[in-house]
Amino acid sequence: MQGQDGERDRRGARNGGGPQAGAPACGSSAEAPAGAPDAEPRRGRPRSAAAERAILDAVIALLEAGEPLAGLSIERIARTAGVGKATIYRRWSGKEELFVDVVRDMEPTDPPLSGTAGLADLRVMLESLRTRGLAQRSSVLLVNIFAQMKSHPKLWEEYHGTVIAPRRVAMLEAVRRAVAAGELRDDLDVELIDDLFVGPMLVRTVHRPDAPLPDDLADRIITALLQGLAPAARV
């Protein structure tokens, strides 16, 4: 199962359900008897949250045991998780999608956004970036996984497309809301504004792994940008 079908299956597993209501069950050829138009279609077997958890845990266990990402096979993961290969392919189209979900599972969950606020949502996302940086610093396994991911272009592309890119889109949308609300200047390119907010946090979390990440860092970045870097006018 590939592409969008794999994505739908994976989301269905997370929501604890199988096919959408009213959709025919996969692999079922049974039809409602004649004269019974209101008969409810038979549903497929519900996805198992426990099986998905076992698969993610199996990958993590193998990586903790020193197995490299490139050396992991679907067969080995299935055997470690105690499931069949088909169970994995019903949720993920391949190793890349699976590994990205493993990283997601190990990172702090993305916080909910209001979708209406500007600066307030920007602050939430900056704080989320800070907490992910702290999580990576405290996990040798995460550091190792990211180092390996960057040496595998297909895997890194999958992570960038399904994790990083949506976060950037959400950030840009928050910048636009802040501009529309009069919280930020409207004469600058929104992508430049976004880079000005995200840049300092990325420097601290990615490029300077020894730099402090204090609790108030997001607020300090926002305040510095709003106030500007020019010295106060002398009276």
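Residues numbered from 1 in each chain as written. Predicted model: local features only at pLDDT ≥ 70, side-chain atom pairs only at ≥ 80, totals over all residues. Heavy atoms only, no water.

With respect to the layout of surface pockets
Move 1: The space that makes up the largest pocket amounts to roughly 1,100 Å³.
Move 2: Around the largest pocket sit 38 residues that line it, and Leu 129, Arg 132, Ile 164, Arg 167 and Leu 202 are the ones nearest its centre.
Move 3: Those elements that place two or more of their residues in the lining of the largest pocket are α6 (119-138), α7 (140-149), α8 (153-180) and α9 (190-207).
Move 4: No other element matches α8, which puts eleven residues into the lining of the largest pocket.
Move 5: Looking at the lining of the largest pocket residue by residue, the class counts come to 20 nonpolar, eight polar and ten charged. (1 Å grid on protein atoms, 1.4 Å probe; cavity = no way out; pocket = protein on both sides within 12 Å on 5 of 7 lines; lining within 4 Å. Points joined across faces, edges and corners; volume = space filled by probe spheres on them. Helix = DSSP H or I, 4+ residues; strand = E, 2+ residues; numbered from the N terminus. Nonpolar A, V, L, I, M, F, W, Y, C, P; charged D, E, K, R; others polar.)

Side note on the environment of Val 59
Move 1: With respect to the helices and strands, Val 59 occurs in helix α2 (residues 49-64).
Move 2: Under the relative-accessibility criterion, Val 59 is labelled buried at 0%.
Move 3: Separated by 18 residues in the primary sequence, Val 59 and Ile 77 have C-alpha atoms spaced 6.2 Å apart.
Move 4: Val 59 has contacts with Leu 72, Ile 77, Leu 98, Phe 99 and Val 102, leaving out every residue within four places of it along the chain. (Buried < 20%, exposed > 50% of the residue type's maximum accessible area, 1.4 Å probe, protein only. Contact = heavy atoms within 4.5 Å.)

Here we look at the packing of α8 against α9
Move 1: At their nearest, the axes of α8 and α9 sit 9 Å apart, and the two run at 110 degrees to each other. Judged on the interaxial angle alone, α9 and α8 are roughly perpendicular. For the crossing formed where α8 meets α9, the hand is right-handed. Residue-level inspection shows Arg 168, Met 171, Leu 172, Val 175, Arg 176 and Val 179 of α8 in contact with α9, the latter providing Val 190, Glu 191, Ile 193, Asp 194, Asp 195, Phe 197 and Val 198.
Move 2: By residue class, the composition of the contact of α8 with α9 is eight nonpolar, no polar and five charged. (Axes fitted to C-alpha atoms, helices over the stretch in contact; angles between N-to-C directions. Parallel < 35°, antiparallel > 145°, perpendicular 65-115°, else oblique. Left-handed = near helix turned anticlockwise from the far one by under 90°.)

Let's talk about helix α10 (residues 217-227)
Move 1: Those residues of α10 that sit buried are Leu 217, Ala 218, Ile 221 and Ile 222. Along α10, the residues classed as buried sweep out an arc of 135 degrees about the axis, all on the same side.
Move 2: On its buried face, α10 sits against α6 and α9.
Move 3: Of the residues flanking the end of α10, it is Gly 228, one or two places downstream, whose phi is positive at about 85 degrees. (Arc of directions from axis to C-beta.)

Describing the nonpolar core
Move 1: Grouped together as the largest cluster of nonpolar side chains are 28 residues, with contacts concentrated most on Val 59, Ile 77, Ile 88, Leu 98, Phe 99 and Met 149.
Move 2: For this core, the elements supplying multiple residues, two or more each, are α2, α3 (74-81), α5 (95-106), α7 and α8.
Move 3: For this core, the leading source of residues is α2, giving seven residues.
Move 4: If near-sequence neighbours (up to four positions away) are discounted, Met 149 is found in contact with Leu 69, Val 103, Leu 155, Trp 156 and Tyr 159.
Move 5: Counting 22 residues, the second-largest nonpolar core is a separate cluster that includes Ala 174, Val 179, Leu 184 and Leu 213. (Core = buried A, V, L, I, M, F, W, Y, C linked by side-chain atoms within 4.5 Å.)

Structural notes on the pattern of salt bridges
Move 1: In total, this model carries 18 salt bridges according to the counting rule given.
Move 2: It is possible to trace a salt-bridge network through shared partners that takes in Glu 107, Asp 110, Arg 132 and Arg 167. (Salt bridge = Lys/Arg side-chain N within 4 Å of Asp/Glu carboxyl O.)

Focus: the packing of aromatic side chains
Move 1: Taken as a whole and judged by the stated rule, the model has two aromatic pairs.
Move 2: With centroids separated by 5.5 Å and ring planes inclined at 80 degrees, the aromatic side chains of Phe 146 and Tyr 159 adopt a geometry described as edge-to-face. Note that Phe 146 is positioned in helix α7 and Tyr 159 in helix α8, a separation of 13 residues in sequence. (Phe/Tyr/Trp six-rings, centres within 6.5 Å; stacked < 30°, edge-to-face > 60°.)

Examining the packing of α6 against α7
A pair of packed helices is captured by two measures, namely the crossing angle of their axes and the spacing between those axes.
Move 1: Where α6 contacts α7, the two axes come as close as 5 Å, and the packing angle between them is 100 degrees. In terms of orientation, α6 lies roughly perpendicular with respect to α7. In this structure, α6 contributes Ala 135, Gln 136 and Ser 138 to the contact, and α7 contributes Val 140, Leu 142, Val 143 and Phe 146.
Move 2: When its residues are assigned to classes, the contact of α6 with α7 shows five nonpolar, two polar and no charged.

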